[in-house]
Amino acid sequence: MSPIPFVTQDGEIRTNSLDGVAKTRLSPGGDCYYTWPTWSPHSLCFMTHRGSDQLLVDIESGYTVSNLDFAADAYRVPAWQPGADSVTFVAQDGPLGLTMFLSDPDGLARRRIRSEAVQASMLWSPSADRLAVHSADTALDYFGQPLLLGRGLTFYSPIGEPLQPQVPEPMVAFFWSPDGSRIAYVSLPDQNGVLR
């Protein structure tokens, strides 16, 4: 029953209670836009992004906003591990460029998982035993709109070790089943304008 974070058309981040009455403004203003607030599994905090900064908003401490010590110009939505106090995110890593990390929410205890493409999607299985990662490296024209396409899925353990099997087929999106036993994904069209 936590409040709902959202980004306004002016790029500010606010929260609303479920009844729509209690509203809290979190952003300090300025011309930087906030994007993609993402809740932790325990609903005590969420991460968001502003410019190249990644921010942690702590609900328990009265909406304290902390600027985390890692930058991500090519931002992707972080993936919180269900039932655990850890998160996977992409950030700049000096000369290594964009890198995927597994970390505690404040970014202090982080482990490098792999170098990353600009467009990466990450999603933990509901049972939190596997992390699926998909990197898009091509944009297709789909009815006049760009559609990101990447080759396959790679799976990782909770400590960031690669797992088998991999899914090599090109795809544009993927989804875990509720019990974590299957992956559904959207692949290239069999005919013009139809995805499968």
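Predicted, not measured: the structure shown is a model, and the values here were computed from it. (Residues numbered from 1 in each chain as written. Predicted model: local features only at pLDDT ≥ 70, side-chain atom pairs only at ≥ 80, totals over all residues. Heavy atoms only, no water.)

*Asks:* When you look at the overall build of the chain in this model, what are you seeing that I'm missing?
*Replies:* Of regular secondary structure, the chain possesses zero helices and 16 strands. Per-residue burial over the chain gives 41% buried out of 196 residues. Looking at the chain alone, contacts between residues at least 24 apart form 32% of all its contacts between residues at least 6 apart. Carbon and sulfur atoms make up 54% of the accessible area of the chain, which amounts to about 10,500 Å² in all. (Helix = DSSP H or I, 4+ residues; strand = E, 2+ residues; numbered from the N terminus. Buried < 20%, exposed > 50% of the residue type's maximum accessible area, 1.4 Å probe, protein only. Contact = heavy atoms within 4.5 Å. Areas by Shrake-Rupley, 256 points an atom, 1.4 Å probe, with all protein chains shown as cover.)

*Asks:* Explanation requested: the packing of aromatic side chains in the structure shown.
*Replies:* For any two aromatic rings, the description comes down to two numbers: the centre-to-centre distance and the angle of the planes. Tallying each qualifying case throughout the model produces three aromatic pairs. A centroid spacing of 5.0 Å and a plane angle of 70° characterise the contact between W39 and F46, whose relative ring orientation is edge-to-face. F46 gets classed as buried once you look at its relative accessible area, which sits at 0%. (Phe/Tyr/Trp six-rings, centres within 6.5 Å; stacked < 30°, edge-to-face > 60°.)

*Asks:* Got a minute to help me understand the environment of E169 in this structure?
*Replies:* Inspection of the secondary structure assignment puts E169 in strand β15 (residues 162-176). Here Y185 takes part through its side chain, which lies 2.8 Å from a polar atom of the side chain of E169. (Polar contact = N/O pair within 3.5 Å; in protein donor to acceptor, adjacent residues only side chain to side chain.)

*Asks:* Looking at this model, I keep getting lost on the environment of W80. Mind explaining?
*Replies:* Tracing the backbone through its elements, the reader meets W80 in strand β8 (residues 79-80). Among all residues touching W80, those that are not within four sequence positions of it are T38, W39, S40, P41, C45, F46, M47, L56, S86, V87, P105 and W124.

*Asks:* Help me understand the nonpolar core, please; the structure alone is not making it clear to me.
*Replies:* In summary, soluble globular proteins display a tendency toward joint burial of nonpolar side chains. Within the largest apolar cluster, twelve residues are counted, these being A79, V90, L98, M100, L102, I113, A120, M122, W124, L131, V133 and Y156. When residues of this core are traced back to their parent elements, those giving at least two are β10 (98-103), β12 (119-124) and β13 (131-142). When neighbours within four sequence positions are excluded, W124 is seen to be in contact with A79, W80, Q81, P82, T88, L102, R130, L131, S157, P158 and W176. One finds W80, F89, A91 and F101 within the second-largest nonpolar core, a separate group that totals ten residues. (Core = buried A, V, L, I, M, F, W, Y, C linked by side-chain atoms within 4.5 Å.)

*Asks:* Which parts of the structure should I look at to understand the sheet that holds β12?
*Replies:* The strands making up a sheet associate through backbone hydrogen bonding, with each pair oriented either parallel or antiparallel. Across the sheet, which stays open at both edges, the five strands sit in the order β12-β13-β14-β15-β16 with antiparallel pairing between neighbours. Here the strands that pair on one side only, and so sit at the sheet edges, are β12 and β16 (183-187). When the angles between neighbouring strand axes are averaged without regard to direction, this sheet yields 30°. Both β15 and β16 contribute to a ladder of five bridges, which runs antiparallel. Paired with A173 across the bridge in β16 is V186. (Pairing = 2+ DSSP bridges. Axes fitted to C-alpha atoms, helices over the stretch in contact; angles between N-to-C directions.)

*Asks:* I keep staring at the pairing of β10 and nothing clicks. Help me out?
*Replies:* The side chains of a regular strand alternate between both faces of the sheet. Within β10, six of the six residues are buried, leaving the element largely enclosed by the surrounding structure. Side-chain alternation along β10 places L98, M100 and L102 on one buried face and T99, F101 and S103 on a second face that is also buried. Both strand β9 (residues 87-92) and β10 contribute to a ladder of six bridges, which runs antiparallel. From the neighbouring strand, V90 faces β10, where its bridge partner is M100. Pairing of β10 with strand β11 (residues 110-115), which is carried by five bridges, proceeds in the antiparallel orientation. Bridging from a neighbouring strand, F101 pairs with R112 of β11. The antiparallel hairpin formed by β10 and β11 contains six residues in its connecting segment, where G107 sits at a positive phi of about 80°.

*Asks:* How should the confidence of the model for the chain be read in this particular structure?
*Replies:* Residues shown with low pLDDT carry predicted positions that ought not to be read at fine detail. In this model, the chain carries an average pLDDT of 78, and 84% of its residues clear a pLDDT of 70 or more. Mean pLDDT per element in the chain: strand β3 (residues 23-25) is the minimum at 69, and β8 is the maximum at 88. (pLDDT = per-residue confidence, 0-100.)

*Asks:* What should I look at first to understand the pattern of salt bridges in this one?
*Replies:* Two side chains of opposite charge can pair, provided their charged atoms sit close to one another. With the rule as written, the count across this model stands at one salt bridge. Between R130 and D129 there is a salt bridge whose closest N-O contact spans 3.4 Å. You can call R130 partly exposed: its relative accessible area is 25%. (Salt bridge = Lys/Arg side-chain N within 4 Å of Asp/Glu carboxyl O.)

*Asks:* In this structure, what is going on with the side chain of S103? I would like to understand it.
*Replies:* Examined against the element boundaries, S103 turns out to sit in strand β10. Reaching out from S103, the side chain makes a polar contact with the side chain of D104 at a distance of 3.1 Å. Not counting residues up to four positions away in its chain, the partners in contact with S103 are D85, S86, V87, F89, L108, A109 and R110.

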